[in-house]
Amino acid sequence: MRKMLWAEWKKLRRSSIILITIFATVLIAFIVLVAGQETTVEGLYLSDAGWYMTMVQAWATMFVLPAIIAMLGSYMICREEQDDTLKSLLLIPVNETVLTAAKMIVTFILSVLIYLLLFAITLATELILHVSDLSIGMVLSFFKSYLLEGIGVFLAVSPIIALVSYTKKSYWLALLLAEIYAFAGLFMSMSNLTKTFYPITALLGVAGYYETTTANLIGSIFVLLLCGFIAMFILVCHRRSGKEERFHGK
């Protein structure tokens, strides 16, 4: 498994998709920074300590990062089949289940790292703007929130990654589906029920972006774990169908 994880990372390093991911992460942080220049009756939005880190957290999850993470995972899973290198890998031989698991683990790690990168960017900005108003407790709270969002986003989009792999479509389809899926969270947040059980808004509640009851928090965690199990089920079915196709010479 360790060798497969290292191999997947080496493949990604040779791809421009990592640069696209970093660019998208920096871009959303910049856009929110510009939006924070708007003034209200009380002054600039950015004049409040913590506003920037809070808004980046929501904007990134509603508009950008779920689509990027879904594209990353789908890219790694679909790449061998699209480049027609999977047959060569199977001659080694390579356990397809372990190979897929390695790709999903790498996607999970990248999801967490992307959110930690976003946390580092927003923290650096907050330190420049409000160094005297920040406390260790506030910083640790945001760190935990961003970390949980990285985990939650991976779980929320994992069924999309698995579905695109199963249908053998382009990983760009995962980007489109995940973007629609994340954007729909704006409408789902209007109701307390849908906000609790719709995966994108559920992960925000788990991360502490908005206050929630213990019962709703448990429901949101259950939904995210269910997404992960659904993804596992789809991937297992995909691998079984792939083995049957190769067995029958299709």
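Residues numbered from 1 in each chain as written. Predicted model: local features only at pLDDT ≥ 70, side-chain atom pairs only at ≥ 80, totals over all residues. Heavy atoms only, no water.

Let's shift gears to the nonpolar core. Core analysis: the largest hydrophobic core is formed by 61 residues, its most contacted members being Leu12, Leu118, Tyr146, Tyr181 and Ile200. At the level of elements, helix H2 (17-35), helix H3 (51-82), helix H5 (96-130), helix H6 (136-167), helix H7 (171-183), helix H10 (199-207) and helix H11 (214-247) are the ones that each hand at least two residues to this core. A per-element tally of this core places H3 first, with 18 residues. (Core = buried A, V, L, I, M, F, W, Y, C linked by side-chain atoms within 4.5 Å. Buried < 20%, exposed > 50% of the residue type's maximum accessible area, 1.4 Å probe, protein only. Helix = DSSP H or I, 4+ residues; strand = E, 2+ residues; numbered from the N terminus.)

Aromatic ring pairs are described here by two measures, namely the spacing of the ring centres and the angle between the planes. A complete count under the given rule lists 7 aromatic pairs for this structure. Here Phe183 and Phe187 contribute two aromatic rings whose centre-to-centre distance is 5.8 Å and whose plane-to-plane angle is 75°, an arrangement assigned as edge-to-face. Connected via pairs of aromatic rings, a cluster forms that spans Trp59, Phe63, Phe183 and Phe187. For Lys195, the ring lying beneath its charged end belongs to Tyr210, and the centroid distance is 4.4 Å. (Phe/Tyr/Trp six-rings, centres within 6.5 Å; stacked < 30°, edge-to-face > 60°. Lys NZ or Arg CZ within 6 Å of the ring centre and 35° of its normal.)

Take the packing of H6 against H7 next. Viewed as axis vectors pointing N to C, H6 and H7 meet at an angle of 150°, and their least axial separation amounts to 9 Å. For the crossing formed where H6 meets H7, the hand is right-handed. Where H6 approaches H7, its residues Ala156, Val157, Ile160 and Val164 are matched on the opposing element by Tyr171, Ala174, Leu177, Ala178 and Tyr181. When its residues are assigned to classes, the contact of H6 with H7 shows 9 nonpolar, no polar and no charged. (Axes fitted to C-alpha atoms, helices over the stretch in contact; angles between N-to-C directions. Left-handed = near helix turned anticlockwise from the far one by under 90°. Contact = heavy atoms within 4.5 Å. Nonpolar A, V, L, I, M, F, W, Y, C, P; charged D, E, K, R; others polar.)

Our focus in this paragraph is H2. The end-to-end C-alpha distance of H2 is 27 Å, a good match for the 27 Å that 19 residues give at a rise of 1.5 Å each. All buried positions along H2 are accounted for by Ile17, Ile18, Thr21, Ala24, Thr25, Ile28, Ala29 and Val32. For H2, the buried positions fall inside an angular range of 130° around the axis, keeping them on one side. Turned more than 90 degrees away from the buried face of H2 sit Leu19, Phe23 and Phe30, all of them exposed. (Expected span 1.5 Å × (residues − 1). Arc of directions from axis to C-beta.)

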